[in-house]
Amino acid sequence: MAPKYTLTYFNGRGRAEIARLIFAVAGVDYVDKRVESEWPAIKQSLPWKSLPILEVDGVVLGQSLALTRFLAREFGLQGKTNVEQALVESVVEASADLYGEYYPIMMEEDEKKKAEITEKYVKETAPAVLKNLEEFLSSNKNGDSFFVGQSLTWADLSMLYAVDQPVSMKVEMSGFPKIMAHRKRIENLPKIAEYLKKRPNTPF
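Quick notes on the rules
- Residues numbered from 1 in each chain as written.
- Predicted model: local features only at pLDDT ≥ 70, side-chain atom pairs only at ≥ 80, totals over all residues.
- Heavy atoms only, no water.
- Helix = DSSP H or I, 4+ residues; strand = E, 2+ residues; numbered from the N terminus.
- Rg over C-alpha atoms; globule rule 2.2 N^0.38 Å.
- Buried < 20%, exposed > 50% of the residue type's maximum accessible area, 1.4 Å probe, protein only.
- Contact = heavy atoms within 4.5 Å.
- 1 Å grid on protein atoms, 1.4 Å probe; cavity = no way out; pocket = protein on both sides within 12 Å on 5 of 7 lines; lining within 4 Å.
- Points joined across faces, edges and corners; volume = space filled by probe spheres on them.
- Salt bridge = Lys/Arg side-chain N within 4 Å of Asp/Glu carboxyl O.
- Lys, Arg positive; Asp, Glu negative; His and termini not counted.

Novice: A description of the overall build of the protein chain should follow, citing residues and the corresponding values.
Specialist: When helices and strands are tallied, the protein chain shows 10 helices and 4 strands. Along the protein chain, from the amino end to the carboxyl end, the secondary structure elements read β-α-β-α-β-β-α-α-α-α-α-α-α-α. Since a compact globule built from 204 residues should have a radius of gyration of about 17 Å, the 17 Å found for the protein chain is in line with a globular shape. Considered along the principal axes of its C-alpha atoms, the protein chain spans approximately 45 × 45 × 30 Å. Buried positions account for 43% of the 204 residues belonging to the protein chain. Long-range contacts, defined here as pairs at least 24 residues apart, represent 68% of the contacts in the protein chain between residues at least 6 apart.

Novice: Now, about the layout of surface pockets: what can you tell me, with residues and values included?
Specialist: Of the pockets and cavities examined, the largest pocket occupies roughly 230 Å³. Lining the largest pocket, in full, are Tyr9, Phe10, Arg15, Trp39, Ser50, Leu51, Tyr103, Met106, Met107 and Phe204. Going through the elements one at a time, strand S1 (5–10) and helix H5 (103–107) are the ones with two or more residues in the lining of the largest pocket. Looking at the lining of the largest pocket element by element, the count peaks at 3 residues for H5.

Novice: So what's going on with the pattern of salt bridges? Which residues, and what values?
Specialist: What the rule picks out here adds up to 11 salt bridges. In this structure, Asp32 engages Arg20 in a salt bridge whose closest nitrogen and oxygen atoms are separated by 3.1 Å. One end of the pair, Asp32, is in strand S2 (residues 31–35); the other, Arg20, is in helix H1 (residues 17–26), and 12 residues separate them in sequence. One salt-bridge network, held together by shared partners, links Glu17, Arg20, Asp32, Arg34 and Arg199.

Novice: Tell me about unusual backbone geometry, and please be specific about residues and values.
Specialist: Following Leu51, the chain continues to Pro52 via a peptide bond in cis, the omega torsion being 10°. We note that Asp57 has phi near 50°; this positive angle belongs to a residue other than glycine. Within the secondary structure, Asp57 sits in the loop between strand S3 (53–56) and strand S4 (59–61). The phi angle at Asn142 is positive, at roughly 60°, despite the residue not being glycine. A relative accessible area of 49% means that Asn142 is categorised as partly exposed.

Novice: For the side chain of Glu134, give the residues involved together with the corresponding values.
Specialist: The residue Glu134 is located in helix H6 (residues 111–138) in this model. Of the side chains with opposite charge, Lys178 lies nearest to the buried Glu134, which makes no salt bridge, at 6.7 Å. Beyond its immediate chain neighbours, meaning those up to four positions away, Glu134 contacts Gly175, Phe176, Pro177, Lys178 and Ile179.

In structure tokens:
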């Protein structure tokens, strides 16, 4: 009997979006539970006092990268060898810098400080991370295929989500043509395109 999955997160893309993309690619049904006003009431009952969580037949998994890595393994998106898996996870960790450094901007309420950290993200942080990722992608099939190996992995899905952040922040992306072409290729995969078409429009 197939496992039953419930993914719980806030009503946004955020740290649950790569998991949702994996479910879309795998064509596996799951419950996409979105928490709003009930968050304070449920927080203390969660294993890490944070979201997202993934319930698998009643077992609760926490920590976004851990549960996303689990799904990648479940559905064959982790890389075909141990070396490929390590390369995949290096891309995932690097891409996490793009959205991890973006979240403080989104949450900052002091306008002066927000402007300062926004400028640093746009001019320093994001370009530096993107430069490394552009070079990494270019080393595999001249950057015209996937990030690792010859098939889709969760590295590609992680980048699909992560690139949304610098694009939305108006980072100059002309210096990263391989990344932008990769983004378009992954967006156009039939299952991804179908998911993106139906994805709820949320503020983050």
